[in-house]
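Each chain, letter by letter, is given below.
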Amino acid sequence: MRSKSWEEFAKPEDAEDGFRFTVCDNAAQELCPIWPGQPMTAHWGVPDPAALKGTSEQIERGFRDAYLILERRLSLFLSLPFASLEKLAIQNEINRSA
């Protein structure tokens, strides 16, 4: 796993993706791109653990915390009843879990 630029996911062949999440706290200040296929989007800001300074234990804790935050949000997201929700309801749930 690694940090990726949004440009890696803006190719026409990626147009079928239904959801896009940005997660870096810094990305909240940036303009979101126009994604091919107009997927639903949300910003789930998480402090960047790669930017942490401190002891190895503090840095490890930062990575663990980021992982746990994203794991919880993804778990909530994946528990949504997609088949019975309209697009607007799904978008509202995505935004609410951020």
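Structure: see above.
Small disclaimer: the values here were computed from a predicted structure and weren't measured.

About the thresholds
Residues numbered from 1 in each chain as written. Predicted model: local features only at pLDDT ≥ 70, side-chain atom pairs only at ≥ 80, totals over all residues. Heavy atoms only, no water. Core = buried A, V, L, I, M, F, W, Y, C linked by side-chain atoms within 4.5 Å. Buried < 20%, exposed > 50% of the residue type's maximum accessible area, 1.4 Å probe, protein only. Helix = DSSP H or I, 4+ residues; strand = E, 2+ residues; numbered from the N terminus. Expected span 1.5 Å × (residues − 1). Contact = heavy atoms within 4.5 Å. Salt bridge = Lys/Arg side-chain N within 4 Å of Asp/Glu carboxyl O. Pairing = 2+ DSSP bridges. Phe/Tyr/Trp six-rings, centres within 6.5 Å; stacked < 30°, edge-to-face > 60°.

Enquirer: Please provide a residue-by-residue account of the nonpolar core, values included.
Expert: Met40, Ala42, Trp44, Phe77, Leu80, Ile90 and Ile94 together form the largest nonpolar core, which totals seven residues. Elements that contribute at least two residues to this core include exactly β2 (40–46) and α2 (87–96).

Enquirer: Give me the lowdown on helix α1 (residues 56–78), citing residues and values where you can.
Expert: With 23 residues, α1 should reach 33 Å at 1.5 Å per residue; the first-to-last C-alpha distance of 32 Å fits that figure. What α1 keeps buried is the set Gly62, Ala66, Arg73 and Phe77. Contacts made by the buried residues of α1 are with β1 (19–24), β2 and α2.

Enquirer: Can you break down the pattern of salt bridges residue by residue, with the values?
Expert: Working definition: two side chains of opposite charge can pair if their charged atoms are close together. Using the criterion set out here, one finds one salt bridge in the structure. Arg64 is paired through a salt bridge with Glu60; the nearest N and O atoms lie 3.8 Å apart. On the criterion of helical spacing, the pair formed by Arg64 and Glu60 is a turn pair, its members being four residues apart in helix α1.

Enquirer: Can you lay out the pairing of β2 for me, pointing to particular residues and giving the numbers?
Expert: In summary, the side chains of a regular strand alternate between the two faces of the sheet. The side-chain alternation of β2 yields one buried face, formed by Met40, Ala42, Trp44 and Val46, and one unburied face, formed by Thr41, His43 and Gly45. As paired strands, β1 and β2 are joined by five bridges and run parallel to one another. Bridged to Thr22 within β2 is His43.

Enquirer: Outline the packing of aromatic side chains, supporting the account with residue identities and numerical values.
Expert: Summed over the entire model, instances satisfying the criterion amount to four aromatic pairs. Seen from their ring centres, Phe21 and Phe77 are 5.1 Å apart, and the 80° between their planes marks the pair as edge-to-face. With Phe21 in strand β1 and Phe77 in helix α1, this pair connects stretches of sequence that are 56 residues apart. Under the relative-accessibility criterion, Phe21 is labelled partly exposed at 27%. With a centroid separation of 6.4 Å and 75° between ring planes, the pair formed by Trp44 and Phe77 is classed as edge-to-face. Remark: Phe77 occurs in helix α1 and Trp44 occurs in strand β2; sequence separation between them is 33 residues. Take Trp44: its relative accessible area is 1%, and that puts it in the buried class.

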